[in-house]
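Residue-level structural notes
One-letter residues, chain by chain:
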Amino acid sequence: MKSNQKFLLRDCERTASEETPIDVSTSRTRGHGRREKRTAQVFTSLASFSASITKQWGKYIRVVIKVTRDKKEFSTKAKQWKTSREEAYYIATKAFSARESNAFIRRHWWIENKNHFVRDVTMREDASRIRRNPDRMVRLRSFALNVLRENGEKNIALAQYENSLSLTKVLEYRGFEP
């Protein structure tokens with residue numbers, strides 16, 4: 001839930017503060033100088049929702065999910081841990097447990113980071129000025145990304161740079177054999 005749906009977001013926040021969750025799940029991850037604790041809370045009551053939101057969204061919403069992320073990131077420059085807390089709200093048309101909801105949300109962000117972020121930053125898709133038939137370039141970028149990933153490339157930016165220096169390297173990828 002983002003602030004572009006301010007009334008729906010407000011009602012989700014109100015639900016989380018006034019209602020009791022039916023399920024709670026906590027997971028922890030560590031790696032890359034970061035420790036993260038994610039707590040998912042699932043709410044089924046829409047009693048805190050305003051009449052206008054209930055009328056517009058009520059028949060679709062089965063649960064409200066609140067995810068709290070407590071992060072600790074180690075700053076090598078300052079030689080100390082920096083802590084932060086984020087709260088995010090989700091609505092779902094199907095009720096899942098807090099553990100399942102946590103996993104689904106993590107999977108969504110994995111896809112966002114693995115695919116869309118690479119396309120936006122490394123392939124500069126958002127900066128593209130192509131206005132006629134942009135779907136052709138989207139397919140070419142997808143094809144290039146799939147070829148790189150199929151051939152085990154982890155750092156797409158580095159692979160693009162190395163491939164720009166050597167056509168031979170590109171032709172050695174699986175799928176390009178003569």
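These remarks concern the structure in this document. Source: prediction; values computed, not measured.

Quick notes on the overall build of the protein
Check the secondary structure of the protein and you find six helices and four strands. Taken from N to C terminus, the helices and strands of the protein fall in the order α-β-β-α-β-β-α-α-α-α. Against the compact-globule benchmark of 16 Å for 178 residues, the protein has a radius of gyration of 22 Å, which places it well outside the compact range. With the C-alpha coordinates aligned to their principal axes, the bounding extent of the protein is approximately 65 × 50 × 25 Å. Buried positions account for 29% of the 178 residues belonging to the protein. When contacts within the protein are restricted to residue pairs at least 6 apart in sequence, long-range pairs at least 24 apart make up 52% of them. When the accessible area of the protein is evaluated, it comes to approximately 12,800 Å², of which 51% is carbon and sulfur surface.

Here we look at unusual backbone geometry
Located in the positive-phi region is His-32, a residue other than glycine, with phi close to 55 degrees. By the secondary structure assignment, His-32 is in the loop between β1 (23-31) and β2 (34-43). Overall, the relative accessible area of 88% leaves His-32 in the exposed class.

Here's the deal with a nonpolar patch on the surface
Taken together, the side chains of Ile-130, Met-137 and Leu-140 define a hydrophobic patch exposed on the protein surface, amounting to about 240 Å² of accessible area. The residue Ile-130 is located in the loop between α3 (98-121) and α4 (134-150) in this model. Looking at Ile-130, the relative accessible area reads 34%, which means it is partly exposed.

A closer look at the environment of Asp-120
Position of Asp-120 among the secondary structure elements: in helix α3. Filtering out sequence-adjacent residues up to four positions away, Asp-120 remains in contact with Glu-125 and Asp-126.

Quick look at the sheet that holds β2
Read across the sheet, four strands follow the order β1-β2-β3-β4 without closing on themselves; strand pairing throughout is antiparallel. Edge positions in the sheet fall to β1 and β4 (80-92), since each of these pairs with one other strand and no more. Across the sheet, the mean angle separating the axes of adjacent strands is 15 degrees when strand polarity is ignored. Of the strand pairs in this sheet, strand β3 (residues 63-75) and β4 are connected by 13 bridges, and their pairing is antiparallel. The residue bridging Arg-69 from the neighbouring strand is Glu-86, located in β4. In this fold helix α1 (residues 6-18) packs onto β2, β3 and β4, with an angle of close to 110 degrees to the strand it touches most, β4.

Describing the side chain of Lys-66
Considering the arrangement of structural elements, one finds Lys-66 in strand β3. Residue class for Lys-66 comes out buried when judged on its relative accessible area of 13%. Setting aside its immediate chain neighbours within four residues, Lys-66 contacts Ala-16, Thr-39, Ala-40, Gln-41, Phe-43, Glu-87, Ala-88 and Tyr-89.

A short note on the packing of aromatic side chains
Under the defined criterion, the tally for this structure stands at two aromatic pairs. Ring geometry for Phe-74 against Trp-81: centres 5.3 Å apart, planes inclined by 65 degrees, an arrangement best described as edge-to-face. Given the relative accessible area of 37%, Trp-81 is considered partly exposed. A centroid spacing of 4.8 Å and a plane angle of 80 degrees characterise the contact between Phe-96 and Phe-104, whose relative ring orientation is edge-to-face.

Points about the packing of α4 against helix α5 (residues 156-165)
Running from N to C, α4 and α5 point in directions that differ by 100 degrees, and their axes come no closer than 11 Å. Here α4 is positioned roughly perpendicular relative to α5, judged by the angle of their axes. On α5, the residues touching Leu-145, Leu-148 and Arg-149 of α4 are Ile-156, Ala-159 and Asn-163. Here the contact of α4 with α5 is built from residues that sort into four nonpolar, one polar and one charged.

Rules of the game
Residues numbered from 1 in each chain as written. Predicted model: local features only at pLDDT ≥ 70, side-chain atom pairs only at ≥ 80, totals over all residues. Heavy atoms only, no water. Helix = DSSP H or I, 4+ residues; strand = E, 2+ residues; numbered from the N terminus. Rg over C-alpha atoms; globule rule 2.2 N^0.38 Å. Buried < 20%, exposed > 50% of the residue type's maximum accessible area, 1.4 Å probe, protein only. Contact = heavy atoms within 4.5 Å. Areas by Shrake-Rupley, 256 points an atom, 1.4 Å probe, with all protein chains shown as cover. Patch = residues over 30% accessible without salt bridge, like charges linked within 9 Å, V, L, I, M, F, W, Y side chains within 5 Å. Salt bridge = Lys/Arg side-chain N within 4 Å of Asp/Glu carboxyl O. Pairing = 2+ DSSP bridges. Axes fitted to C-alpha atoms, helices over the stretch in contact; angles between N-to-C directions. Phe/Tyr/Trp six-rings, centres within 6.5 Å; stacked < 30°, edge-to-face > 60°. Parallel < 35°, antiparallel > 145°, perpendicular 65-115°, else oblique. Nonpolar A, V, L, I, M, F, W, Y, C, P; charged D, E, K, R; others polar.

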